[in-house]
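What the coordinates show
Here is how the chains run, residue by residue.
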Amino acid sequence: MSVCPPQTAAVVGTGTIGLGWIALFAARGLRVRVSSTHPAAPERVAAALGLYAASMPGGPVDVRDLIARLDFPPTVEDAVTGVDVVQETAPEDLALKQELFARIAAAAPAGALLFSSTSTLLPDDLGAAVDEPGRVIVAHPFNPPHIVPLVELVTSRGTKPEVVEAAADFYRWLGKTPITLRRPVPGFVANRLQAALLRESIHLVREGVVTVDELDDVVTSSIGSRWAVVGPFRALHLAGGPGGLRHWLSHLGGGLERTWAGLGQPPSDESVHALLIEQVDASFGRQPYEDLAARRDTEQNAVLAAIAAARAAGTGPADA
């Protein structure tokens, strides 16, 4: 089974994630049907594409070309009829998503790939009202989805191997890095890692060790740039010198549990929220969203391009 190269995709929802998928799908030449309950969906999408067009992977694109590839059918059923791919991006409401996928599966072609961009829900639950629940696959992106390469694929017990392969092929065709989780886990992988780091970040700010600005600088000046290249485990292996991970664990591994025991567990309450908001607002929180997003996207693309160029030249990290 394969839908590559696809011709038509449907995106259900026009929130932040849905808008990113719409931009990427259109930039890759797909005809994109947008299904949205937003009363001004065409205007909302056009405004987002005006922002994203300058930061598409591979270079800027003409926003008029992106908009020309869009359609806005009146119903979900109209949007998914005859498409190759459906990317659902509705709010994190299980009952809503179950109802949507029941309608989507009934109207979409039997061979269409059905994806959810959920960040919290599992595919067995999403497909509970579908005749073939295994058709529904979680395809969880990292924001902004039109730039960040990762897509976590989470499958149901009944998902056929050829459907999993077709899903991975589709996202690779988009230029993504699909990772199929070996078993479902709440929150998936990237969000769990992010949550762990965020918890300690909030703890350190709450305890007055650093400000939010300083914490961001610590991350971008150390583990952020390091992990962009080698990831946590390869970084540890290299930290062990010629002896690799074996040497590092024998030398420093005994202190891991002591470090873990000392990590903070800050509450997510009004006082903590107020502290974070106060510091963010004082630094960058009152700057226009469009300006902050454009700078983030430009710099993120520059990082990804530099890594790709280094690896193509043979100067990046070799595969293990």
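Predicted model, so just to flag it, every value in this text is computed and none were measured.

**Overview of the sheet that holds strand β3 (residues 70-71)**
Judged by pairing direction, the sheet is mixed, and its 8 strands sit side by side in the order β3-β2-β1-β4-β5-β6-β7-β8 without closing on themselves. Two strands bound the open sheet, and with one partner strand each, they are β3 and β8 (177-180). Two strands pair when backbone bridges link them, and strand β7 (residues 150-154) and β8 are joined in this way by 4 bridges, in the parallel orientation. Opposite leucine 150, over in β8, you have threonine 177 as the bridge partner. Relative to the sheet, helix α7 (residues 161-173) contacts β4 (85-88), β5 (113-116), β6 (136-141), β7 and β8, its axis offset from that of β5 by approximately 70°.

**Things to note about the packing of helix α9 (residues 212-220) against helix α14 (residues 270-285)**
Running from N to C, α9 and α14 point in directions that differ by 75°, and their axes come no closer than 9 Å. With respect to their mutual orientation, α9 and α14 come out roughly perpendicular. Packed against α9, whose contacting residues are Val212, Asp213 and Asp216, the element α14 presents Leu276, Gln279, Val280, Ser283 and Phe284 at the interface.

**So, unusual backbone geometry**
Cis geometry marks the peptide bond from asparagine 143 to proline 144, where omega comes out at 0°. Tracing the chain through its elements places proline 144 in the loop between β6 and β7. For phenylalanine 188, which is not glycine, the phi torsion reads 65° and is therefore positive. With respect to the secondary-structure elements, phenylalanine 188 resides in the loop between β8 and α8 (190-206). Classification of phenylalanine 188 as buried rests on a relative accessible area of 0%.

**A closer look at the pairing of strand β1 (residues 8-12)**
Consecutive side chains of a regular strand alternate in pointing toward one face of the sheet and then the other. For β1, a buried count of 5 out of 5 residues is recorded, marking the element as mostly surrounded by other parts of the structure. What you see with β1 is no split at all: Thr8, Ala10 and Val12 on one side and Ala9 and Val11 on the other are buried throughout. One ladder, built from 5 bridges, connects β1 with strand β2 (residues 31-35); its direction is parallel. Bridging from a neighbouring strand, valine 11 pairs with valine 34 of β2. Each parallel crossover has a hand, and for β1 linked through helix α1 (residues 16-27) to β2 it is right-handed. The pairing of β1 with β4 spans 4 bridges and is parallel.

**Description of the nonpolar core**
If you look at the biggest cluster of nonpolar residues, it comprises 35 residues, and the most contacted ones within it are Phe25, Val32, Phe115, Phe170 and Tyr171. Broken down by secondary-structure element, the contributors of at least two residues to this core are β1, α1, β2, α2 (41-52), β5, β6, β7 and α7. The leading source of residues in this core is α1, at 7 residues. Apart from residues lying up to four places away in sequence, valine 32 is in contact with Ala9, Val11, Ile22, Phe25, Ala26, Arg69, Leu70 and Asp71. Ranked by size, the runner-up nonpolar core spans 24 residues in total, among them Ala105, Val136, Val138 and Phe188.

Conventions we followed
- Residues numbered from 1 in each chain as written.
- Predicted model: local features only at pLDDT ≥ 70, side-chain atom pairs only at ≥ 80, totals over all residues.
- Heavy atoms only, no water.
- Pairing = 2+ DSSP bridges.
- Helix = DSSP H or I, 4+ residues; strand = E, 2+ residues; numbered from the N terminus.
- Contact = heavy atoms within 4.5 Å.
- Axes fitted to C-alpha atoms, helices over the stretch in contact; angles between N-to-C directions.
- Parallel < 35°, antiparallel > 145°, perpendicular 65-115°, else oblique.
- Buried < 20%, exposed > 50% of the residue type's maximum accessible area, 1.4 Å probe, protein only.
- Right-handed = clockwise from strand over helix to strand, strands pointing away.
- Core = buried A, V, L, I, M, F, W, Y, C linked by side-chain atoms within 4.5 Å.

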